[in-house]
Structures are given as C-alpha cells and as structure tokens.
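The primary structure of each chain is shown beneath.
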Amino acid sequence: PPRPPKANPRTRQRPEEARFDPGTGTLQPAARSRGGDFFYHFHYNLHYMPPIWGRWIVSLCAMFMLVAIISGIITHKKIFADFFTFRGGKGQRSWLDAHNGLSVLGLPFHLMITYTGLVTLMLMLMPWGADLALRTPEQEAALRAQISQFRPPGTAAAERAPLARIDRLVQQAADRWGAEGVDRISITHPGRSNARISISRADRGRVSESPQYLLFDGVSGELLEARDQVRPAAETRGVLVALHTGRFADLWIRWIYLLLGLAGTAMIGSGLVLWTVKRRARLPDPERPYFGFRLVEKLNIATIAGLPVAMSAFLWGSRLLPPQLPARTDWEAHLFFIVWGLMALHAQLRPPRRAWIEQFALAALLLTGLALLDAFGSGPRLLESLGHCDWGFAGFDLSLLALAALMAAMAWRTAHHPGPKKAAKAHARPASAQAARTSLKPTVAAEGAVTEQGTAQAAPPAMHPARTAEQPPSINPRPSAAP
C-alpha cells in the first residue's frame with residue numbers, strides 16, 4: 001500500500017518548555033544565557049542555517065575523518081614505536097614526535113567518537129533500509145518506540161478532566177529505578193480526558209540511551225506501558241550513542257573524555273602547523289609564498305588562535321550583555337561569530353608571526369579576565385566555591401586559568417622562537433665555517449699538492465695497491481705544474 005505523506009518538520013509545532021523549582025513547584029524564570037548549550041548544538045547543527053543542512057555538512061566531515069583515521073592506521077607502520085619516541089629540544093622533530101604521540105594516545109577515543117557520531121544520525125544518512133522495510137504508520141511507530149520515547153501527541157480531546165497527582169507517579173518510578181533514576185516528566189494534553197504522563201529513566205549509571213520509561217493515563221494514573229528494554233539492534237544503537245554523549249559517565253570519566261578531546265585538538269593543531277612549516281621550506285621563495293599557501297596559513301591562525309578568543313568573547317557576552325536586551329541569547333551567538341570574523345581579518349592583515357603572538361596573548365587576557373570577573377562578580381565566587389567544595393563552579397574557573405596559562409605560554413614561545421630567517425642564518429654560520437676550515441686543509445692530487453700558503457709542490461707517486469697489471473694507471477695528458 002502507498003505510504004502516507006510524512007509531516008513537514010518545519011511546520012511541526014515545538015513543545016513548550018518551562019523550569020520549575022523541585023521543592024516549591026514555582027515557575028522559574030527563563031535562562032538568561034545559552035551557556036554550553038550553544039556549543040553543544042553548534043558542534044552538529046552549525047549555525048545560521050537549517051539544522052538539517054548543518055547535520056549533513058558535519059556528517060560529511062565526520063566521514064572524511066573516519067576514512068583518514070582508518071587509512072592512517074593502515075599506512076603508519078611504526079604507529080606504536082612513534083608513541084614511545086619523543087626527542088625534546090629538537091625543534092620541528094620535537095613537534096612531530098608530540099604530534100605522533102598525541103595521535104596514538106587518543107586513537108581509540110577518536111575512532112570511537114567519530115564512528116558513534118555517525119551512528120547517531122544513521123537514519124538521516126542511510127534511510128533507504130527503513131524506507132523499504134516500514135510500509136505502514138504502525139511499523140514506523142514500532143521503530144520509533146525502539147529508539148525514542150517521543151510519541152506524536154495527536155489531537156486533544158474536547159472533554160476536560162483534572163490531571164492525576166504527579167508525585168505518586170514519580171514515586172512509582174523511583175521505586176522501580178531508584179531515587180536517582182527519574183530524569184524527565186513529559187505531559188501531553190494536560191487537563192483533557194486523553195492526557196498522558198510519561199516518566200523517563202535517567203541515563204546516569206547505564207551505558208545506553210535506549211528509551212526506558214513509564215507511560216500513565218493522565219487522569220486516572222493507571223500504568224499503561226512500561227518500557228524496560230528494547231530489542232538487541234536498538235540496544236546496540238543505544239550503547240553507541242551513550243558512548244558518544246558520555247552522559248553515563250561519572251566525574252573522572254568525564255575528565256578522561258575532556259583530556260582525550262584536548263589531545264585530539266592538539267593533534268589537529270600541531271598537524272596544521274607542521275604542514276605549513278614543511279611546505280614553506282620547499283617553496284622557491286619562502287618569504288613570498290603563493291596565494292594558496294598564505295590562505296591556509298592565515299586560516300590556521302584564525303582557527304587555532306582565533307577560536308579561543310571567540311569562545312572567550314561568548315562567555316564575556318553571557319555575563320555582561322544587559323538582561324533586558326531583546327534576543328539576548330541570540331546576541332551571544334552573534335558576538336561569538338563577530339569576534340571570530342575579526343580574528344580571521346586580523347590574521348589576514350598582520351604578518352603570520354605577529355598574528356600568532358597577538359591572538360594567543362589576547363586569548364590569555366580574556367580568559368584571565370573571565371576568572372577574575374567570576375571571582376569578584378555578583379555570581380558564585382571562586383574562593384567561596386572552593387570553600388564549599390562546589391567543583392562545578394570552581395572547576396570551571398580553575399580551567400579558565402589553566403587555559404589562560406597555556407595561551408600565554410604559546411604566545412611567549414612564539415615570540416622567542418628564532419623564526420625562519422634567524423634559523424636559516426644560524427644554520428648557515430656553522431656551514432660556512434666548516435667550509436672555510438675545509439678549504440685550508442692540504443689536498444692531494446695525482447700530479448701535485450697545494451700547501452696552505454698556496455704554493456705548488458711535486459707529489460710523490462701515489463700507491464694504489466688495488467691496481468693490477470691489467471689496470472695500468474691513467475695518464476693525465478695535461479702537463480704538471482712546475483714549482
């Protein structure tokens with residue numbers, strides 16, 4: 001039978017959201033800032049475009065990254081030997097050793113996070129199997145129930161009815177999953193006779209994001225459905241998605257995720273820098289590179305050094321933009337991209353060396369200022385957070401200071417690096433001195449020798465034990481130099 005047309009996602013009504021105080025039940029004001037949600041959605045939806053376009057772009061990049069990782073494992077024959085090799089103080093060789101070490105250190109994590117990211121969007125990337133297998137709305141609903149607890153709300157009934165007591169339903173879920181197991185309450189058609197209340201199980205403590213929930217009648221409170229497990233294929237998908245999001249992890253595993261992610265960032269950044277350094281040495285005129293090389297070099301600066309500046313500007317905006325500003329959360333994102341664009345323009349206008357130093361130094365100043373603003377501002381202060389062991393706030397501010405120190409160290413190292421011109425002169429001096437010493441040594445020729453004072457002397461006949469009668473010495477037709 002022909003399949004019914006699917007609903008247009010652009011015209012689908014978005015559910016309303018609100019926050020309530022769990023102790024008093026009072027409605028809380030909307031958040032003034034997007035905070036980390038902006039970066040979370042930006043990493044797979046991008047911005048200033050329909051989310052589906054952003055997901056396709058990110059998915060294509062993830063596919064290329066997966067191919068690069070697998071092909072790199074195959075072609076890199078000394079992958080584990082390079083991991084245990086680091087030669088410090090060797091300039092470019094040290095950077096290459098660090099690049100190889102960071103690549104191997106996080107290799108399993110990078111492979112996992114890339115593949116599982118594609119798995120989360122597999123129905124968008126490869127929908128043909130589901131399109132052929134699911135021919136009816138009932139089959140589609142069965143698949144949706146295996147991978148998500150969302151259900152189309154349908155049409156609200158005309159008859160009104162009071163809503164059941166939610167606290168009793170939450171207690172049933174807590175008895176089933178534990179006090180920490182309840183995560184979300186979803187209500188459809190409240191105040192109507194066909195109201196439904198869904199209570200979801202939290203992802204904490206289980207390495208899976210397969211849907212587990214209890215569905216109640218919103219009027220009588222009767223349990224209509226208990227979803228405690230899904231089929232093996234759906235459970236496999238739930239495990240892979242959980243590995244990607246990491247919501248199951250405790251504090252220490254989240255720190256491991258963070259450090260391995262930073263290692264991947266350092267791997268990519270060092271690879272971009274090494275590429276430009278090696279290519280510059282091979283140019284006919286390193287001081288006047290062609291347009292393509294200059295473009296890549298400038299984009300590297302805007303990406304590696306400019307992005308931390310833009311992220312710091314976003315955090316400054318979340319603290320300093322007026323609360324009454326219309327579309328305040330949108331302006332936080334606008335500020336992020338405006339500053340990032342300015343950093344790209346700055347990299348184009350300044351010499352590469354100065355652009356690296358200035359953008360790293362600016363990032364260090366902004367990050368340090370953020371920590372100071374948090375320490376002496378009106379919000380939770382650093383010393384108070386440390387005194388109360390509130391590591392959520394204290395850890396964030398301490399991380400800002402650590403990143404500021406890293407940015408300052410990068411600016412200092414770049415400023416004190418000899419640079420291509422000085423490095424070339426430094427290499428040229430020993431070579432010229434060695435050539436001068438070599439030219440002063442006496443050289444022996446077949447006909448004669450030249451002394452250090454430049455006078456010619458007759459040389460004794462050279463002995464060649466390896467020559468035989470069948471190989472007579474060659475005769476030079478030119479006359480010997482007379483003393």
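Before reading on, note that the structure itself is shown above.
Trainee: I would appreciate a short explanation of the pattern of salt bridges in the present structure.
Mentor: Pairing of side chains with opposite charge becomes possible as their charged atoms draw close. Counting across every chain of the model gives 13 salt bridges. Ionic pairing is found between Asp330 and Arg34, a salt bridge with its closest N-O pair at 2.7 Å. Note that Asp330 is positioned in helix α14 (residues 328–349) and Arg34 in the loop between β2 (27–28) and α1 (36–45), a separation of 296 residues in sequence. Here Arg280 and Glu297 are joined by a salt bridge, their closest N and O atoms 2.7 Å apart. With Arg280 in helix α11 (residues 251–282) and Glu297 in helix α12 (residues 291–304), this pair connects stretches of sequence that are 17 residues apart. Both residues of the pair, Arg280 and Glu297, belong to the buried class.

Trainee: Where do I start with the environment of Leu118 in this structure?
Mentor: Mapped onto the elements of the fold, Leu118 is located in helix α5 (residues 107–120). Classification of Leu118 by relative accessible area gives buried; the value is 13%. Those residues in contact with Leu118 that sit more than four places away from it in its chain are Ser59, Ala62, Met63, Leu66 and Leu125.

Trainee: Help me understand the sheet that holds strand β5 (residues 213–217) in this model?
Mentor: Within the open sheet, the 4 strands sit side by side as β3-β4-β5-β6. Their pairing is antiparallel. Two strands close off the open sheet at either side, each with one partner strand: β3 (182–188) and β6 (223–227). Between one strand axis and the next, the sheet turns through 15° on average, direction left out of account. One ladder, built from 4 bridges, connects β5 with β6; its direction is antiparallel. Residue pairing across strands places Leu214 opposite Ala226, the latter belonging to β6.

Trainee: What is the right way to read the side chain of Ser318 from this model?
Mentor: Mapped onto the secondary structure, Ser318 falls in helix α13 (residues 306–320). For Ser318, a relative accessible area of 13% gives the class buried. A distance of 3.3 Å separates the side chain of Ser318 from the side chain of Arg319, its partner in a polar contact. When near neighbours in sequence (up to four residues on either side) are disregarded, Ser318 contacts Ser33, Arg328 and Glu332.

Trainee: How should the pairing of β5 be read in this particular structure?
Mentor: Across a regular strand the side chains alternate sides, sitting on one face of the sheet and then on the other. Within β5, 5 of the 5 residues are buried, leaving the element largely enclosed by the surrounding structure. Burial along β5 is two-sided: the residues Tyr213, Leu215 and Asp217 and Leu214 and Phe216 are all buried. Note: strand β4 (residues 196–201) against β5, 5 bridges, orientation antiparallel. Pairing of Ile199 across the sheet is with Leu214, part of β5. As consecutive antiparallel partners, β5 and β6 are separated by 5 residues, and within that stretch Gly221 has a phi angle of approximately 80°, a positive value.

Rules used throughout
Residues numbered from 1 in each chain as written. Predicted model: local features only at pLDDT ≥ 70, side-chain atom pairs only at ≥ 80, totals over all residues. Heavy atoms only, no water. Salt bridge = Lys/Arg side-chain N within 4 Å of Asp/Glu carboxyl O. Helix = DSSP H or I, 4+ residues; strand = E, 2+ residues; numbered from the N terminus. Buried < 20%, exposed > 50% of the residue type's maximum accessible area, 1.4 Å probe, protein only. Contact = heavy atoms within 4.5 Å. Pairing = 2+ DSSP bridges. Axes fitted to C-alpha atoms, helices over the stretch in contact; angles between N-to-C directions. Polar contact = N/O pair within 3.5 Å; in protein donor to acceptor, adjacent residues only side chain to side chain.

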